[in-house]
Every structure is written in C-alpha cells, then in structure tokens.
Amino acid sequence: MADTVLFDMDGVLIDSEDVSVQVGIDYFRSKGLSLSRSDFEPFLGAGERVFFCGPAEARGFSFDLEEASRYFRLHYAGLLEKYSAGRPDGLALRTVRKLRSLGFRLAVCSSAPRWKVLVNIRHTGLQPEDFDTVISGDDISANKPDGQIYLTAMQRLGRKGSDCLVVEDSINGVKAGKNAGALCLGVMTTCSPSELAAAGADFIASDISVLMRGETMKEVNENLAQGLGDDRKLYGANYVLKNENLIERNSIELMISLAAQVREKAYAPYSHFKVGACLRSAATGRLYTGCNVENSSYGATLCAERNALFHAVASEGIIGVDALVVYSDDDPPAPPCALCLQALAEFTAADSLVILVSKKGERRQYRFDQLLPNPFIFPSERK
Ligand code: THU
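None of the values given here were measured: they were computed from a predicted structure.

J.: Which residues make up the overall build of the protein chain, and what are the values?
T.: A count of helical and extended segments in the protein chain gives 14 helices and 13 strands. For the protein chain, the C-alpha atoms occupy an extent of roughly 70 × 55 × 35 Å along the three principal directions. Split into buried and exposed, the 383 residues of the protein chain put 51% on the buried side. Taking contacts inside the protein chain between residues at least 6 apart in sequence as the whole, the part at least 24 apart equals 66%. Looking at the protein chain as shown, the accessible area adds up to about 17300 Å², and 50% of this sits on carbon and sulfur atoms.

J.: Give a description of the pairing of strand β2 (residues 105-109) that names residues and reports values.
T.: β2 sits mainly inside the fold: four of its five residues count as buried. For strand β1 (residues 4-7) and β2, the ladder comprises four bridges, and the chain directions are parallel. Counterpart to Leu6 in the pairing with β2 is Ala107. Sheet topology places β2 next to strand β3 (residues 133-135); three bridges connect them, and they run parallel.

J.: Tell me about the site of the ligand, and please be specific about residues and values.
T.: Looking at the ligand, the residues that line it are Ser271, Phe273, Val275, Asn292, Glu294, Thr301, Cys303, Ala304, Glu305, Pro335, Pro336 and Cys337. Asn292 places a side-chain nitrogen or oxygen 2.9 Å from an oxygen atom of the ligand. Here Glu305 contributes a side-chain N or O atom positioned 2.8 Å from a nitrogen atom of the ligand. For the ligand, whose unbound accessible area comes to 380 Å², protein coverage reaches 77%. Of the residues assigned to the shell around the ligand, the class counts are seven nonpolar, three polar and two charged.

J.: Go over the sheet that holds strand β4 (residues 164-168) with me, naming the residues and quoting the values.
T.: One open sheet holds the six strands; their spatial order is β3-β2-β1-β4-β5-β6, and the pairing between them is parallel. Of all strands in the sheet, those with a lone pairing partner are β3 and β6 (203-205), marking the two edges. Each adjacent strand pair in this sheet contributes to an overall mean axis angle of 20 degrees, direction not counted. Bridge count for β1 against β4 is four bridges, and the pairing is parallel. Bridge pairing in β4 links Val5 to Leu165.

J.: Got a sec to walk through the sheet that holds strand β9 (residues 275-281)? Specific residues and values, please.
T.: Taking strand neighbours across the sheet as the criterion, the five strands line up as β10-β9-β11-β12-β13 in an open arrangement whose pairing is mixed. The sheet terminates laterally at β10 (287-291) and β13 (363-367), the two strands that pair on one side only. Taken pair by pair, the neighbouring strands of this sheet meet at an average axis angle of 15 degrees, ignoring direction. As defined by bridge partners, strand β11 (residues 321-328) adjoins strand β12 (residues 348-358) across seven bridges and the pair is classed as parallel. Among the inter-strand pairings, Ser328 is bridged to a residue of β12, identified as Ser358. The strands touched by helix α12 (residues 304-316) within the sheet are β9, β10 and β11, with β10 carrying the most contacts at an inclination of about 140 degrees.

J.: Can you lay out the domain arrangement of the protein chain for me, pointing to particular residues and giving the numbers?
T.: According to the domain assignment, the protein chain consists of domain 1 (4-14 + 86-230), domain 2 (17-83) and domain 3 (245-381). Using C-alpha coordinates to define each centre, domain 2 is positioned 45 Å away from domain 3.

J.: Give a description of the nonpolar core that names residues and reports values.
T.: With 55 residues, the main nonpolar core has Phe7, Leu13, Phe131, Val167, Leu185, Ile208 and Leu211 as its most contacted residues. At six residues, the largest contribution of residues to this core is made by helix α1 (residues 17-30). Composition of this core by domain shows at least three residues from each of domain 1 (4-14 + 86-230) and domain 2 (17-83). Those residues in contact with Leu211 that sit more than four places away from it in its chain are Val5, Phe7, Thr95, Leu99, Leu165, Val167, Leu185, Val220 and Leu224. Core analysis: the second largest hydrophobic core is formed by 25 residues, Ala153, Val166, Val174 and Cys184 among them.

J.: Kindly report on the pairing of strand β7 (residues 232-235), identifying the contributing residues and their values.
T.: As judged from the four bridges shared by β7 and strand β8 (residues 238-241), these two strands associate in the antiparallel manner. Bridging across to β8, Arg232 finds its partner in Leu241. Counted along the chain from β7 to the antiparallel partner β8, the turn is two residues long, and its residue Gly236 has a positive phi close to 55 degrees.

Definitions and cut-offs
- Residue numbers here run from 1 along each chain, matching the order of that chain's written sequence.
- Residue-level local features of this predicted model are given only where pLDDT is at least 70; pairs of side-chain atoms are given and counted only at 80 or more, and the full residue set underlies all totals for whole chains, interfaces and linings.
- Hydrogens and water are ignored here; the side-chain numbers use all heavy atoms of the structure.
- Numbering of helices and strands runs from the N terminus, with a helix taken as a DSSP run of H or I at least four residues long and a strand as a DSSP run of E at least two residues long.
- We call a residue buried when its accessible area falls under 20% of the maximum for its residue type, exposed when it is over 50%, and partly exposed in between, using a 1.4 Å probe and counting protein chains only.
- Here, residues are in contact when the closest pair of their heavy atoms is within 4.5 Å.
- Accessible surface area values rest on a Shrake-Rupley calculation with a 1.4 Å probe, where residue burial reflects the displayed protein chains alone.
- In short, DSSP must find at least two bridges between two strands for them to pair.
- Note on terminology: near, applied to a residue and a molecule or strand, indicates that one of the residue's heavy atoms is within 4 Å of it.
- Identification of polar contacts relies on pairs of N or O atoms within 3.5 Å, with a donor-acceptor requirement for protein atoms, meaning one able to donate a hydrogen and the other able to accept it, and with residues adjacent in sequence counted only if both atoms are side-chain atoms.
- Just so you know the grouping, Ala, Val, Leu, Ile, Met, Phe, Trp, Tyr, Cys and Pro go in nonpolar, Asp, Glu, Lys and Arg go in charged, and all remaining residues, Gly too, go in polar.
- Every axis corresponds to a line fitted to the C-alpha atoms, with the helix fit spanning only the stretch in contact, and the corresponding angles, defined between N-to-C directions, vary from 0 to 180 degrees.
- Where each domain starts and ends follows an automatic or database-derived domain assignment.
- Nonpolar cores were defined as sets of buried Ala, Val, Leu, Ile, Met, Phe, Trp, Tyr and Cys residues, with membership established by side-chain atoms within 4.5 Å.

Quick look at the structure:
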C-alpha cells in the first residue's frame with residue numbers, strides 16, 4: 001500500500017505547459033527563429049534545458065543558453081499570471097490538503113529549475129511547506145526517464161519504491177517512476193491512455209481528482225486499484241478513453257442510415273454483394289464509414305468493416321470502437337467475416353455493440369465477444 005505520493009509538477013499539479021511553450025516561442029522569435037508548439041512537444045517532460053533548447057538545436061540554430069534561461073526566468077511568472085494557467089478550480093490545492101489530512105507523505109519531484117517549481121507551487125495556492133520535500137532539476141544529475149529524482153525523494157523520506165505512488169503526465173515521467181520501483185498513476189494531460197499504459201503506468205485517470213476518492217489511506221489505495229474514477233477502458237490491445245460525458249452520442253439510427261448510404265458506393269463488380277459499415281469512436285463519438293472495394297485479384301479485396309476501421313484509425317490514431325453497424329442486402333443480415341472480426345478485435349471491447357442490418361430492415365444485435373469470443377491478441381499486449 002502506498003503511504004507516500006510523489007507528484008510531478010507541470011501537467012499534474014499545474015497546467016503550465018502552454019505558458020512554457022509560449023515563452024520559448026517568444027524568445028526564439030526575438031532571435032529570428034520561428035517555432036511552433038509542435039516543435040516543443042517531443043521535448044516536454046525531459047527537463048527544462050532539453051525542453052528549451054531541443055527545438056532550436058534540432059534545427060542547428062545556435063544561441064546563448066545563459067541568455068535564454070534569463071529570458072525564461074524573467075517572463076515565465078508574469079505569463080503564468082496572465083494565462084492564469086494553474087488550476088483555477090483549486091484541484092491541486094484540494095487534493096494535496098486531502099491527502100495530507102489522510103496522513104500521506106507528499107513530495108514534488110519536478111525536473112524544472114527550483115525557482116520555477118516554487119513559482120508553480122505558489123500559483124496553485126499551496127506553499128512549499130505543504131510538501132515533506134520538494135526536489136527540482138537543480139537537485140539531480142540525471143533527467144527523467146532516469147529514476148534518480150524519485151529515488152532521491154524516497155531516500156529523503158525514508159520510503160521504498162513499493163511505499164510510493166508517483167503521479168505523472170509524460171512518458172518520460174512514467175518511466176522514471178517505474179525505474180524507481182514505484183507504483184505509477186498516469187494522468188491524461190499530455191498523453192493518451194494507451195501511451196501512458198505503454199510507458200508502464202499502473203493506473204490511468206483523467207486528472208488527480210481520482211486521489212480524493214476515499215476517507216482513509218487504505219480506501220484511496222483500494223479505489224485506485226479498482227479503477228474507480230478511471231475512465232480508460234481496454235479495447236483489444238489498447239487502452240482508450242471511453243468518454244461517458246459526450247453530450248449526445250451519435251445514435252444507432254444515424255449509423256444505420258450512414259452505413260446504408262456508403263453501401264451505395266461499394267465497388268463490387270465481381271460479387272455484386274455490396275456492404276456498408278459505420279463505426280463509432282468511444283473517445284470522441286465520431287462516426288466513420290466504409291464500403292467494400294473489390295479487386296481483379298480477388299484476394300486484394302477490402303471489406304466494408306475494415307475500410308471503416310482503417311478510416312477511423314487514420315483520422316484519430318488508436319481508437320476504441322464502441323459500436324459498429326454492418327449493412328448488407330443479405331437475409332439474415334451478414335456478420336463481419338473472420339478477417340474483419342480479427343482486425344476489429346484490436347480496437348473493440350468484449351461488450352462493443354455490433355448491429356447487423358439487412359436492406360429489408362431486419363436487425364440483429366450482438367456483443368462483439370458473441371461473434372469472436374477468442375481473438376488473437378499478441379502475447380506482450382495481453383492485459
Ligand atoms: N464483404 C464485406 O465487405 N464484409 C464482410 O464482412 C463480408 C464480405 C465483401 C467483400 C467482397 O467484396 C464481397 O463482400 C463478397 O465477399
């Protein structure tokens with residue numbers, strides 16, 4: 001059981017990333033180099049120096065690091081106030097106070113320089129004294145994903161890895177927590193649930209509010225382990241956010257009419273068997289359609305279901321499919337073939353809905369695992 005919580009700062013207790021990126025953009029613009037947010041993204045969470053210099057160094061742009069650091073220090077706090085980035089809802093404040101009242105030991109472990117960590121802590125309404133220790137980039141010689149920062153905190157607090165829960169938002173940060181032997185909660189400020197899971201996160205949640213569930217230390221641990229407040233869901237080999245808060249999830253009726261429409265576009269000169277498919281993304285509720293596309297070399301034919309699935313993946317990346325409609329002129333309505341079921345299994349959950357509809361209007365509804373109870377999932381990806 002964890003009795004100690006080690007927080008990363010940026011992206012966990014405060015949303016300051018946009019502010020840091022903006023200071024970086026402003027500084028390099030003043031030096032004649034035009035950068036955008038995407039230039040900084042690969043360098044987030046890997047320490048301030050790497051973050052600030054990485055994009056310019058990647059372009060072979062030489063600059064004075066001392067001057068850049070001075071500029072950053074001079075402008076960061078002001079811009080943070082202006083953007084009021086912290087958590088205006090006081091989430092960090094409430095979570096830290098609650099965990100303290102339950103007896104948890106607490107630390108901040110941020111790769112940022114000490115001055116910035118202190119500015120950030122105060123911006124959330126907390127004080128450095130609200131934590132048992134505050135470790136910054138100035139205290140360590142090896143950046144995340146090295147575990148040094150977390151091992152240092154454990155040593156200062158007299159705790160071992162299994163006593164500690166690390167809370168992180170970046171891939172490098174999650175890896176650092178795991179390298180230090182701690183349990184790790186990944187919050188979804190910066191990365192997708194699948195990216196956090198792949199980095200080794202033991203728990204994944206939207207934000208740190210998951211730590212406020214429970215009235216004792218034991219309950220907080222149990223609730224986290226049970227996945228309460230944890231809105232990831234396993235789709236095939238992938239953890240994907242299941243967004244239960246969509247104001248209106250597109251309806252099955254709409255999916256059926258889109259599947260019927262796209263079926264008209266099927267290219268089926270050989271079989272004359274036209275199929276339309278429409279699937280719904282669990283994370284965004286968006287709908288993606290596909291029809292079958294045949295080929296002179298019959299084996300090169302693509303079915304409607306895989307066409308819709310690949311369309312979705314190309315648009316959203318890793319996707320969870322919470323519903324699929326297949327529309328054909330078959331009686332009873334045709335199910336997806338075994339190849340499509342196997343392809344879909346990578347992105348569906350056991351209870352994803354599959355609705356088969358015939359042109360005559362007959363409907364059959366299944367759970368995905370009724371159609372394919374035992375998909376092949378690559379051994380290392382089985383959860
Ligand atoms: N077809 C699909 O589009 N989906 C299925 O799951 C079954 C088969 C298409 C492929 C081919 O163009 C035609 O139906 C006959 O096999």
